[in-house]
Each structure stands twice: as structure tokens, then as C-alpha cells.
Amino acid sequence: MGIVFSEKNRVFTLHTLDTTYQMKVDDFGFLLHLYYGCRTDGNMDYLLHFADRGFSGNPYDAGDDRTYSMDFLPQELPCQGTGDYRSPAVIVKNTDGSYGCDFRYQGYRILEGKYQIPGLPAVYADAGEAETLEIYMEDRATKVRITLLYGVLPKWNMITRSACVENQGAGKIYLEKAQAACLDFVSGEYDLLCFYGRHTMERNVQRTPVAHGAQVIGSRRGTSSHQYNPMMILAEQKTTEDAGACYALSFVYSGSFKGEAEKDQYNQTRILLGLSDEQFSYPLDAGERFYVPEVVLTYSNLGLAKLSQNLHTCFRTHLCRGKYRDCVRPVLLNSWEASYLDFTGETICHLAEQAADLGMEMLVMDDGWFGKRDDDNRALGDWYVNEEKLGESLGFLIQKINGLGLKFGIWFEPESINEDSELFRKHPDWALTIPGRDPVRARNQLVLDFSRTDVVDHIFESMCKVLDQGNIEYVKWDLNRSLCDCYSRGTEDQGRVSYDYMLGLYDFLERLIQRYPNLLLEGCSGGGGRFDAGMLYYTPQIWCSDNSDALDRVLIQYGTSFGYPMSAVGAHVSAVPNHQTGRITPFHTRGVTAMAGAFGYELDPDKLSEEEKQEIREQIREYKQHAALIQSGLYFRLTDPSVQQAGAWEFVSEDASEVLVSAVMLEIHGNMPVNYVRLKGLERDCMYREAKSRKLYPSNALMEIGIPLPVRMGEYHAYQMYFKKEEK
Ligand code: GLA
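Residues numbered from 1 in each chain as written. Predicted model: local features only at pLDDT ≥ 70, side-chain atom pairs only at ≥ 80, totals over all residues. Heavy atoms only, no water.

Trainee: Would you explain the nonpolar core in this entry?
Mentor: Nonpolar side chains tend to gather and get buried jointly when the protein is soluble and globular. Of all hydrophobic cores here, the largest spans 201 residues; its most connected members are Phe-290, Trp-369, Ile-410 and Tyr-601. A per-element tally of this core places helix α8 (residues 497-515) first, with 10 residues. Apart from the residues lying within four places of it in its own chain, the contact partners of Tyr-601 are Val-331, Leu-332, Leu-333, Asn-334, Met-360, His-572, Val-573, Phe-587, Ile-616, Gln-619 and Ile-620. Within the second largest apolar cluster, 25 residues are counted, among which are Phe-636, Val-661, Tyr-697 and Phe-723. (Core = buried A, V, L, I, M, F, W, Y, C linked by side-chain atoms within 4.5 Å. Buried < 20%, exposed > 50% of the residue type's maximum accessible area, 1.4 Å probe, protein only. Helix = DSSP H or I, 4+ residues; strand = E, 2+ residues; numbered from the N terminus. Contact = heavy atoms within 4.5 Å.)

Trainee: Help me understand the state of the cysteines, please; the structure alone is not making it clear to me.
Mentor: For the coordinates displayed, the defined rule picks out 0 disulfides. Of the cysteine sulfurs around Cys-182, a residue in no disulfide, the closest is that of Cys-79, at 9.9 Å. (Disulfide = S-S within 2.5 Å.)

Trainee: Sorry, what's going on with unusual backbone geometry here?
Mentor: Comment: phi is negative for the bulk of residues other than glycine, and the bulk of peptide bonds are trans. In the segment running from Val-576 into Pro-577, the intervening peptide bond is cis, with an omega of -10 degrees. Structurally, the position occupied by Pro-577 is in the loop between β29 (569-574) and α11 (587-594).

Trainee: Is there a simple way to think about the pattern of salt bridges in this case?
Mentor: When the charged atoms of two side chains lie near each other, side chains of opposite charge can form a pair. Across all of its chains, the model carries 52 salt bridges by this definition. The residue Lys-177 makes a salt bridge to Glu-260 at a minimum N-O spacing of 2.9 Å. Here Glu-260 lies in strand β17 (residues 257-263) and Lys-177 lies in strand β10 (residues 173-178), a separation of 83 residues in the sequence. Residue Lys-177 is classed as buried on the basis of its relative accessible area of 2%. Where Asp-468 meets Arg-515, a salt bridge forms, and the shortest distance between an N and an O atom there is 2.5 Å. Of the two residues, Asp-468 sits in the loop between α7 (453-467) and β26 (472-477) while Arg-515 sits in helix α8, which places them 47 residues apart along the sequence. By relative accessible area, which is 45% here, Asp-468 ends up partly exposed. Residue classification places Arg-515 among the partly exposed positions, given a relative accessible area of 42%. Connected through shared salt-bridge partners, Asp-84, Arg-86, Asp-184, Asp-264 and Arg-270 make up one network. (Salt bridge = Lys/Arg side-chain N within 4 Å of Asp/Glu carboxyl O.)

Trainee: Would you mind going over the sheet that holds strand β5 (residues 90-93) with me for this structure?
Mentor: Read across the open sheet, the 3 strands follow the order β5-β10-β19; overall the sheet is antiparallel. Every interior strand has two partners, whereas the edge strands, β5 and β19 (282-284), have only one. Ignoring strand direction, the axes of neighbouring strands in this sheet form an average angle of 30 degrees. In this structure, β10 lies alongside β19, joined through 3 bridges in antiparallel fashion. Of the residues in β19, the one forming a bridge with Leu-175 is Tyr-282. (Pairing = 2+ DSSP bridges. Axes fitted to C-alpha atoms, helices over the stretch in contact; angles between N-to-C directions.)

Trainee: Looking at this structure, how should I read the layout of surface pockets?
Mentor: Taking a probe equal in size to a water molecule and rolling it over the atoms shows the remaining empty space. In this structure, the largest pocket encloses a volume near 470 Å³. Surrounding the largest pocket, 21 residues form its lining, Gln-309, Thr-313, Arg-316, Leu-634 and Glu-654 being those nearest its centre. The dominant element in the lining of the largest pocket, judged by the number of residues it contributes, is helix α1 (residues 303-318), at 6 residues. (1 Å grid on protein atoms, 1.4 Å probe; cavity = no way out; pocket = protein on both sides within 12 Å on 5 of 7 lines; lining within 4 Å. Points joined across faces, edges and corners; volume = space filled by probe spheres on them.)

Trainee: Whenever I open this one, the environment of Leu-702 confuses me. Can you help?
Mentor: Secondary-structure assignment places Leu-702 in helix α13 (residues 699-704). Separated by 14 residues in sequence, Leu-702 and Tyr-688 place their C-alpha atoms 9.0 Å apart. Setting aside residues up to four positions removed in sequence, Leu-702 forms contacts with Val-677, Arg-678, Leu-679, Leu-682, Tyr-688, Tyr-697, Ile-707 and Phe-723.

Trainee: Got a minute to help me understand a nonpolar patch on the surface in this structure?
Mentor: Together, Val-674, Tyr-676, Ile-705 and Val-711 make up an exposed nonpolar region whose accessible area comes to about 380 Å². Judged by its relative accessible area of 40%, Val-674 is partly exposed. (Patch = residues over 30% accessible without salt bridge, like charges linked within 9 Å, V, L, I, M, F, W, Y side chains within 5 Å. Areas by Shrake-Rupley, 256 points an atom, 1.4 Å probe, with all protein chains shown as cover.)

Trainee: Is there a simple way to explain the environment of Gly-395 in this structure?
Mentor: Looking at where Gly-395 falls in the secondary structure, it is placed in helix α5 (residues 394-403). Spatially, the C-alpha atoms of Gly-395 and Leu-509 are 23 Å apart, while their sequence positions differ by 114 residues.

Trainee: Would you mind showing me how to read the packing of aromatic side chains here?
Mentor: Describing an aromatic ring pair means giving the distance of the ring centres and the angle of the ring planes. Per the counting criterion, the structure on display carries 45 aromatic pairs. Between Trp-369 and Phe-412 the ring centres are 5.2 Å apart and the planes differ by 80 degrees, which places this aromatic pair in the edge-to-face class. With a gap of 43 residues between them, Trp-369 in the loop between β22 (362-365) and α4 (387-390) and Phe-412 in strand β23 (residues 407-412) connect regions that are remote in the sequence. Relative accessible area serves as the criterion here: at 0%, Trp-369 is assigned to the buried category. Given a relative accessible area of 1%, Phe-412 falls into the buried group. One aromatic cluster is present, formed by Phe-251, Tyr-253, Phe-280, Tyr-282, Phe-290, Tyr-499, Tyr-506, Tyr-537 and Tyr-538 through successive ring pairs. Between Arg-53 and the ring centre of Phe-72, over which it is positioned, the NZ or CZ distance is 4.7 Å. Cation over ring: Arg-637 sits above Phe-562, and NZ or CZ is 3.6 Å from the ring centre. (Phe/Tyr/Trp six-rings, centres within 6.5 Å; stacked < 30°, edge-to-face > 60°. Lys NZ or Arg CZ within 6 Å of the ring centre and 35° of its normal.)

Trainee: Please explain the site of the ligand as it appears in this structure.
Mentor: Around the ligand lies a shell of 13 residues, among which Asp-366, Asp-367, Lys-476, Asp-478 and Asp-546 are the nearest. Asp-367 places a side-chain nitrogen or oxygen 2.6 Å from an oxygen atom of the ligand. In this structure, Trp-543 approaches the ligand through a side-chain N or O atom, which is 3.4 Å from an oxygen atom. Contact with the protein chains hides 97% of the accessible area of the ligand, taken as 310 Å² for the molecule alone. Its residues assigned to classes, the shell around the ligand comprises 4 nonpolar, 3 polar and 6 charged. (Near = heavy atom within 4 Å. Polar contact = N/O pair within 3.5 Å; in protein donor to acceptor, adjacent residues only side chain to side chain. Nonpolar A, V, L, I, M, F, W, Y, C, P; charged D, E, K, R; others polar.)

Below is the structure:
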């Protein structure tokens, strides 16, 4: 059983295959956190330490006992107003204007299956795969209730947390902060790994010791953002890829967020993740409920590789959905870097002909096909086909492309609007702008008020009208700016707008996948500006970065791999000099790098030599051969490309019989030392045969000493080696 409650000790224990999570209802009804780590039996309430400490106040009901204080006890749901002066997970502003909430235990329920959250993405599980624990807490003074939700997926070593706040009082209250996950550690020295970046350079890894004070990451951009990913790892300072304890917290939400890691006055560590509390003041009238978006937790005592693999497997099989979840995705040619906004139907058709000739499977018509979209200053919002520009109807164009044996995909940016659009001229109040103020423009566009259902409905209908014009099998859903001016004309409570916007977005996406169950959706926000677990619930793949430079991609994909499965990483081979960096890399290197994810091309084949075209055919053949392994194999980072001379990674089949090793040289020097890449995850005491050389290698040596990357003249060479285990 995954969830056990001991009536005697009032201790809840959640077990997964390899981990245990424990908490206790104490004498006063507070819910104290006891333990999260390696699987164990027993009662860990011995870890609680009580002491009379100056300036750490005591709850009233502790009476004369000065040793009991929320200021240092580890908690499941730290609230502002209980005498805990560390960062809280919940802040409530009450009807009388006072701040404070003091949730005490009321009861619990253990349910079969994994809870779902109305209107929000969440990990799901089939019958028998999960259990849910609901813990009911109440603030006695105000009758505000909170139900803490714990989902336990034993096989995947996953624990999920969410909460539902319900106003059972008589007046209106405001939620000022709402975070689903808090982990308190009474001992240990930790590092925080976070994933920072910028447009075209997302998810760089930063590892820093958790120090006194708080380290805060987050987004106030209305999207999860390029700048910080909503994912945090807390690792013991000695933890490496292969050994040591570490914890991951991943937010299943795509809007503004806040993550905090704090070392307190007693050297204890607290980590929190959830909604951003800026511009957040969510009203709850009597009887109303609020759902806190979910945070996924996992633990590994076998280092970071295992931690990432836990997340990969869970997200790939219990968060992503739809027809394409377990399928190898079609190899596509995207028109963006081939022709940008400058194309006609003929251009698209010509691209498709070449794609077919080269062995690709889908043509994606990117930005530029709708309204008067001749440049990127206008027409967002006008989701009707510009037949004049295409020179033909969309239906006819699709038929021709399907006739070539290719699938057809199309780009949308449903949340955005240009002032120069028919939609804006008709409904200027549909954009997020503040009355009396000039809005902030970005890429010369504004964002639609998706907190309003009438706006969402209109865009949904116009999108469906396009999708119904032919056999469209893929949609790239983009958003090319951060939100600002978050003011809605649909409400008087502006503190609810950014959360309601996300509900509107998720509702739209849900309706889309229900209406078009066979559609492959790819998420995108200027590349990887919304690469998060929330989006993966709707879009099983996300364009990882607008940077298609093979070398930068090695770094970006390295950072991304800590939290997300490679099946979700949209990765394309593009032209050189690269359009984002001007760098020239070998064609083979671009192929090897893009093959680490959902593979495709983003270039104009007309500009390629016959030799390069032949290389594409070869690459696709090779990709297809390994695609299933890439899609669902265990992923290992073999080097750290931010400090090593080579970037290297590996996919290993679950039974360790197949291994695909890829490496890219990031540096070249005179009289270059040889780089040996150590393989991981192979079966010990076995022989593995490399497919191209037909050479046999002992697995122990491959893992302990490595395989040499032969030194070659020239920059940025790549290596791809496929090994198969020999039967004994
Ligand atoms: C964003 C995307 C690109 C492309 C353009 C089109 O930047 O990330 O791939 O679709 O928009 O405007």
C-alpha cells in the first residue's frame, strides 16, 4: 500500500518503490513534516526537536510550553500568521482585512487512483497505479478550509502535491500566496540547481549552495519563461550524476511562478514552489474554491541521472497524452528558417516536394499564412487563410501535400493580437491593456485577455474554422512575448487575472485536443519560453529553443534534460551559417544534435548541395532506426558540456541491450588530448558490439574507462555509436 495512516501516532506515511515521505499531526493539530528520502519503515517523529528559543514564538494552545514553535518545526503547509517567520506557502487576507491563517487538522481520506484538478493539468494514472491522500485542515477563526492533496505513484517514485482552498466563512477573502509544495529539511547541506536563461539560450544549469537568506527564482511574465524554468533540484553537496541524494520539484503550470530555497536561522533548509505572489490576490467569496496547481516531487539517492529518469518516465507516460504520446513523431520540415514570412502556396508546395524527396514525413507551414501577415507587425488575431498570398485555398494546398505522401502541419499564435488587425479594430478591449495607460508592446504585439471566456471562445472558433479546411495533422502553438498590463475588463479583481488567464489557456487547449484527438500539438513560446510540465499535458512536444545552432543546442538540451523527457524536445537541423549565431558546424553534427529529440529540419533544401541532400536521407534512415530508443530509452548525460571539451549523452534501452551514444566536440586545440567518454547504464560483465565498426567492447571497460573520441582536424565534429549487447 502506498499510503498508510497510523491512528496511534497520527502519522501519515507515503511509500513509493524506492522512497518514503512522512508527516505527523501533532497534539495541536498542526501538520508537521517528518521525512522524505530513501524508502524506510518506522516512525521518524524522533527527528522533531523542541527547544525554548528566543524570538521564536509559541502557538497559544501550547500554553506554558515555550519549546514548541512553528518558527523552527518542519511543516507541510507553512502559513503566514502562525509564528513561522520563514517564507510561507500560503497567505490569506481575511474578510476583516487581517492577514493570517492557522490551518489545523480535521481529518483525512485515502482514495484509489490519482486526484485530478478541475481546469488544470496534472499527472494522471491508470487504475491500480496510484493512490490519493486528502488531508482536511481548517482555520477555526475564519472557517477557511484547505484540502491538501497528495498523489502517490509508487512505480514511478512520484509524489504529487496540490491543494484546494475553500471559503466556508461568510465574507470575501483573498488568497495572497498559494504554493503547492514545501519541503523542510532539519539537517543537511544542500545545493540548489536551477535552470536560467534567455530567449535563444534557455535552461543553463546553475548549481549554488543554499545559504542563509533565500534564493528566489521565478517568472512574473505570465508564462513560465525563458529566464527561469519552473523546476528546482535540491542536491546534497556531494551528489553527482551517479551518486548521492537529490530532490526534484517541478511545477505543472505554465504561468508566473515562484521558487524559493532558504536556509533558516537554525541551519534548516526550506524549499517552496508554486504560484507567483506578485499581482496575485485571488478573491474567494463565501462558498468558492481555489485549486493550487500541482507540484511533482521525486527523490533519488542514486544521483541526478536517476532523478531525471524518474521525471522523464513519469512525464512521458503519465503527463503527456494523446495519440502521439508513445509514437515516434513524424520527421518534419518547418518553413520558418527556410522562407520566414515570405512565401506563397507554391513555395510551400515546393518545400514539400523536396521534403518528400528527402524522406521527410510532414511539412509545417509556419507563421505568415493568415490575415495580412506580410511582416511581423500585423495580423495576429485574424485567423483566416490569406488565399491571395497563398494563391490557392488551404484545402487545395493540403491535398497537394498529402498527395506527395506528406502530412501537413500549421502554425498558430492564438493568444496574441496586433493592433494592426481586424480583430483589434473590432475589439480593442479584448487585449490586456490598462485603461488610461499605453501598453507595453513586444514584437509589436499585445496579448489577448484569455481570462475572458468570450475571447477564448472567439479565437477557438476561428481556429477550428481553419483546422476544418483540410487534413491538418499538426499544430505549432506559439506565444511570442511575455505578458504585461495584466488588466482585464472582465473583472473587478485584477489580482485574479494572471491565474484565470492560465485557466482560459488550458481550457482552450483541452477543447482543442478533445475536438481533434489525432492532432499532434507542439508547444512553443519563442522557442522554449514555456517549456514546462503544464504544457506537456496538452502538447507532447515543445520547440526547445529558437536557437538551432548545434553547439548551443548541446548546452540547451543538456539543461532541458534534467527535468524533461527528450521525446518532448523539438530539435531541428538548420542551415549554416546558423541564423541565430552565425556559426558554421558540420551537417553531421547538426544531425546528431537534433536526433536527441523530436527530429526535424528547418532549412531550404534548394540551398543544399547534392552531398548534403544525400546526408539528409542518411540521417533520416539512421534516426528512424533509433527513434524508438530515443523516444523511450533511459537518458544519461555523459559529460557536462558547460565545462568539458565534449558534450555527450546516451540512450539505453530498459533491458540495457541497446545503447546509442552521441557526442559533439565543443573545442579543438593543437595536439589535442583524447577525450574518453564513459558509458553508463550498461549491463556489467557483458560484451557490447558497436554497429559500424563491428568491434566488441567489454561493458565494464566502457563504463570505467570509456570510449575514445578519435581526434579529428576541424571544429565541432560529432560521433554517434550504436552498441548492442552480445548474447552470452
Ligand atoms: C517564434 C517561434 C519560431 C517561429 C516564429 C514565427 O519565434 O519560436 O519557431 O515560429 O515565432 O513568428
